[in-house]
Amino acid sequence: MARRSFDDGSSAVPPALPGEVERVVVVGAGIAGLTVANALTSAGVDCVVVEARDRIGGRLHTVEVGGHVADLGGAWIHHPEDGNVLAGWVDLAGVPWIVDPTGTRFTGADLGEHRRLSDAELEHVGYGVFDPLGQAFAAELAAGGRDRSVAAVVDEYLATYGPEDGERERLRQLMAAAVEQDGAGPLDGISARWALTEDMFVGDVVDNVPIGGYRTVLAPLAGASEVRLRRPVRRITQTATGVQVDGDDWSESGSHVVVTVPLGVLKAGAIAFSPPLPAERSEVIDRTGFGTMEKVFLAFEEPFWRAADPGLSHAVIYPADRAQAATWTWDFGLAPVMMFLVAHSAVEAMRRDPRAWAVEQLEALYGGPLPAGPVDVRATDWAHDERALGAYAHVRPGESSADFALLGEPVGRIAFAGEHTTVGRAGYADGAMETGLREAKRLLRRGSVELTAPDVVS
């Protein structure tokens with residue numbers, strides 16, 4: 001077994017929970033829950049993970065589309081530079097990966113104008129388009145201005161934007177895509193202060209892709225931990241001496257519990273707490289944004305698009321309905337599968353007929369009918385998945401990213417982890433992993449914790 005010490009970016013030990021740590025129940029087998037359990041098990045603490053689904057991973061879900069690997073949730077190891085705990089784990093576990101080959105070179109099409117876009121029209125497509133907005137809005141806030149939605153700031157900026165209507169409309173669609181995909185929510189429901197001035201956008205970076213999908217990352221993380229599937233939690237009861245976690249026909253008791261379910265599940269009140277969570281905590285849960293970002297996958301017999309000039313492996317597509325955000329496509333070069341990222345405002349149109357929607361987009365890029373139709377199609381619906389009820393968290397206008405930290409504060413013997421409990425990395429798998437390390441440190445009362453990986457990844 002390979003073993004290494006990890007921390008969450010801080011050597012500080014979080015304030016301890018009351019009582020001696022004897023047996024810990026972890027609710028949720030996503031990456032945060034599996035990280036907690038791995039660390040506790042490695043330290044010799046009795047620990048059990050209860051998971052409502054029939055699989056591990058939560059919103060990290062690898063499937064087969066047309067016989068090829070596809071990640072319905074997280075797909076990248078974002079920003080794998082020094083200090084990224086997820087990249088460190090992948091190295092320890094021996095998970096094979098590649099650098100995302102798409103880079104920043106891409107093609108594009110405008111469905112409203114029924115044409116491919118020129119290289120000149122795509123020259124400034126990227127996060128840099130937000131620079132003037134971010135600078136202007138930061139100055140506005142410094143002068144005493146109030147927070148607003150990104151939509152309000154974008155529309156004000158575009159009202160004085162010089163170029164012709166088509167370019168202005170595409171720019172709004174591009175901005176909507178970036179904000180709605182990174183923030184998993186509607187453009188008019190996301191805080192401009194958070195999105196434009198708090199480094200939500202980190203710029204164009206090189207990301208890594210696990211070759212076998214995220215299941216190769218999660219399997220060794222689950223390791224020797226005891227994981228019990230098909231165990232939806234209905235109630236968590238806290239007493240002066242311990243906790244009890246109850247489902248419909250099962251129960252687990254322990255000294256402490258770590259709750260790692262998605263924010264959407266907490267918002268829905270799917271788990272009852274006894275005694276109830278403090279009113280302040282319930283208010284933070286209610287006001288924190290949690291929306292959706294979906295995907296569509298088309299699998300083909302052959303990747304015919306790779307031979308097209310200049311290549312269609314990475315593209316931005318602008319819908320004819322200008323109220324919809326642009327769509328991004330990806331082909332990692334590992335299989336004849338095209339992935340479409342669908343932002344909040346385009347999800348409804350996609351859901352009517354995912355296959356027809358995606359084929360229309362690809363034909364616009366290809367310049368006509370495809371030489372062959374897809375052999376398999378898969379679309380996600382995280383917004384209606386009862387175990388998630390959305391994709392990831394965001395900050396609503398007028399609220400603060402400090403709420404993410406509040407969501408990670410323990411309540412007595414109940415600890416909380418997940419992507420919605422980290423200020424700096426909300427929405428990221430590595431952020432969720434960091435919170436798992438944080439809560440393991442809290443329980444073990446150490447400045448860092450060890451994670452253990454089997455010698456062979458399966």
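The structure we're discussing is the one just above.
Predicted model, so just to flag it, every value in this text is computed and none were measured.

1. What to know about the overall build of the chain
The number of helices and strands found in the chain is 14 helices and 24 strands. Taking 458 residues into account, the globule formula puts the C-alpha radius of gyration at 23 Å, and the chain, at 22 Å, falls close to it. Here the C-alpha coordinates of the chain stretch approximately 65 × 55 × 40 Å along the principal axes. Within the chain, buried positions represent 55% of all 458 residues. Nonlocal contacts in the chain, meaning residues at least 24 apart in sequence, comprise 74% of its contacts between residues at least 6 apart. In the form shown here, the chain has an accessible surface area of approximately 18,200 Å², with 49% of it arising from carbon and sulfur atoms. Distance between charge centroids for the chain: 5 Å, based on 40 positive and 65 negative side chains.

2. Let's talk about the pairing of strand β2 (residues 23–27)
Counting buried positions along β2 yields five of five residues, so the element is predominantly enclosed. Here five bridges tie β2 to strand β3 (residues 46–50), and the two strands are oriented parallel to one another. When the bridges of β3 are listed, V27 appears paired with V50. Viewed along the sheet, the connection from β2 through helix α1 (residues 31–42) into β3 turns out right-handed. When β2 meets strand β14 (residues 256–259), the two strands line up parallel, connected through four bridges. By the bridge assignment, V24 is partnered in β14 with H256.

3. Some words on helix α4 (residues 131–142)
The end-to-end C-alpha separation of α4 is 16 Å, in line with the 16 Å expected for twelve residues at 1.5 Å each. Every buried residue belonging to α4 is among L133, G134 and F137, and all of these are buried. The arc that holds every buried residue of α4, seen down its axis, measures 95°, which confines them to one face. Seen from the buried face of α4, the exposed residues on the opposite side, beyond 90 degrees, are Q135 and A142.

4. Topic: the packing of aromatic side chains
Evaluation of the coordinates by the stated rule reveals eleven aromatic pairs. Ring centres of W76 and F332 lie 5.6 Å apart, and the angle between their planes is 90°; this geometry places the pair in the edge-to-face category. Remark: F332 occurs in the loop between β19 (327–330) and β20 (337–342) and W76 occurs in the loop between β5 (68–71) and α2 (85–93); sequence separation between them is 256 residues. Accessibility expressed as a relative area gives 10% for W76, which makes it buried. A centroid spacing of 5.5 Å and a plane angle of 85° characterise the contact between F304 and Y366, whose relative ring orientation is edge-to-face. You can see F304 sitting in the loop between β17 (294–299) and β18 (314–318) and its partner Y366 sitting in helix α12 (residues 354–366), a full 62 residues away along the chain.

5. Digging into the sheet that holds β2
Pairing is parallel across the open sheet formed by five strands, whose spatial order is β10-β3-β2-β14-β23. What marks the edges here is a single partner per strand, and that holds for β10 (226–228) and β23 (414–416). Along the sheet, successive strands turn relative to each other by an average axial angle of 20°, direction set aside. Along the sheet, α1 contacts β2, β3, β10 and β14; its crossing angle with β3, the most-contacted strand, is approximately 160°.

6. What to know about the environment of T160
Here T160 shows up in the loop between α5 (150–158) and α6 (165–183). In this structure T160 comes out as exposed when scored by relative accessible area, which is 68%. Put simply, T160 and D119 are 41 residues apart on the chain and 25 Å apart in space, counted from C-alpha to C-alpha. Here the side chain of T160 touches Y157 through a polar contact of 3.1 Å, landing on its backbone oxygen.

7. Some words on the sheet that holds strand β12 (residues 243–246)
Judged by pairing direction, the sheet is mixed, and its four strands sit side by side in the order β13-β12-β11-β15 without closing on themselves. If you trace the sheet from one side to the other, it starts and ends with β13 (251–254) and β15 (272–274), each paired once. For this sheet, the mean angle separating the axes of adjacent strands, direction not counted, is 15°. Taken together, the four bridges between β12 and β13 define a ladder with antiparallel strand orientation. The residue bridging V245 from the neighbouring strand is E252, located in β13.

8. Here's the deal with the pairing of strand β11 (residues 235–238)
In regular strands, side chains alternate between the two faces of the sheet. The alternating pattern of β11 places I236 and Q238 on a buried face, while none of R235 and T237, on the opposite face, is buried. What sits between the antiparallel neighbours β11 and β12 is a turn of four residues.

9. Regarding the pattern of salt bridges
In total, this model carries 30 salt bridges according to the counting rule given. Across the pair R193 and D147 runs a salt bridge, and its minimum N-O distance is 3.8 Å. Of this pair, R193 sits in helix α7 (residues 192–197) while D147 sits in the loop between α4 and α5; the two residues are 46 residues apart in sequence, bridging distant segments of the chain. Classification of R193 by relative accessible area gives partly exposed; the value is 25%.

10. Comments concerning unusual backbone geometry
With an omega of -5°, the peptide bond running from S274 to P275 counts as cis. Even without a glycine there, the phi angle at H114 is positive, about 55°. For H114, the position within the fold is in the loop between β7 (107–110) and β8 (115–116). A positive phi angle, near 60°, is found at R445, a position not held by glycine. The topology assignment puts R445 in the loop between α14 (429–444) and β24 (449–453). Under the relative-accessibility criterion, R445 is labelled partly exposed at 39%.

11. Some words on a nonpolar patch on the surface
A contiguous nonpolar patch, built from W97, V99 and V206 and spanning about 280 Å² of accessible area, is present on the exposed surface. Residue position: V99 is located in strand β6 (residues 97–99). Judged by its relative accessible area of 40%, V99 falls in the partly exposed class.

What counts, and where the lines are drawn
Residues numbered from 1 in each chain as written. Predicted model: local features only at pLDDT ≥ 70, side-chain atom pairs only at ≥ 80, totals over all residues. Heavy atoms only, no water. Helix = DSSP H or I, 4+ residues; strand = E, 2+ residues; numbered from the N terminus. Rg over C-alpha atoms; globule rule 2.2 N^0.38 Å. Buried < 20%, exposed > 50% of the residue type's maximum accessible area, 1.4 Å probe, protein only. Contact = heavy atoms within 4.5 Å. Areas by Shrake-Rupley, 256 points an atom, 1.4 Å probe, with all protein chains shown as cover. Lys, Arg positive; Asp, Glu negative; His and termini not counted. Charge placed at Lys NZ, Arg CZ, Asp CG, Glu CD. Pairing = 2+ DSSP bridges. Right-handed = clockwise from strand over helix to strand, strands pointing away. Expected span 1.5 Å × (residues − 1). Arc of directions from axis to C-beta. Phe/Tyr/Trp six-rings, centres within 6.5 Å; stacked < 30°, edge-to-face > 60°. Axes fitted to C-alpha atoms, helices over the stretch in contact; angles between N-to-C directions. Polar contact = N/O pair within 3.5 Å; in protein donor to acceptor, adjacent residues only side chain to side chain. Salt bridge = Lys/Arg side-chain N within 4 Å of Asp/Glu carboxyl O. Patch = residues over 30% accessible without salt bridge, like charges linked within 9 Å, V, L, I, M, F, W, Y side chains within 5 Å.

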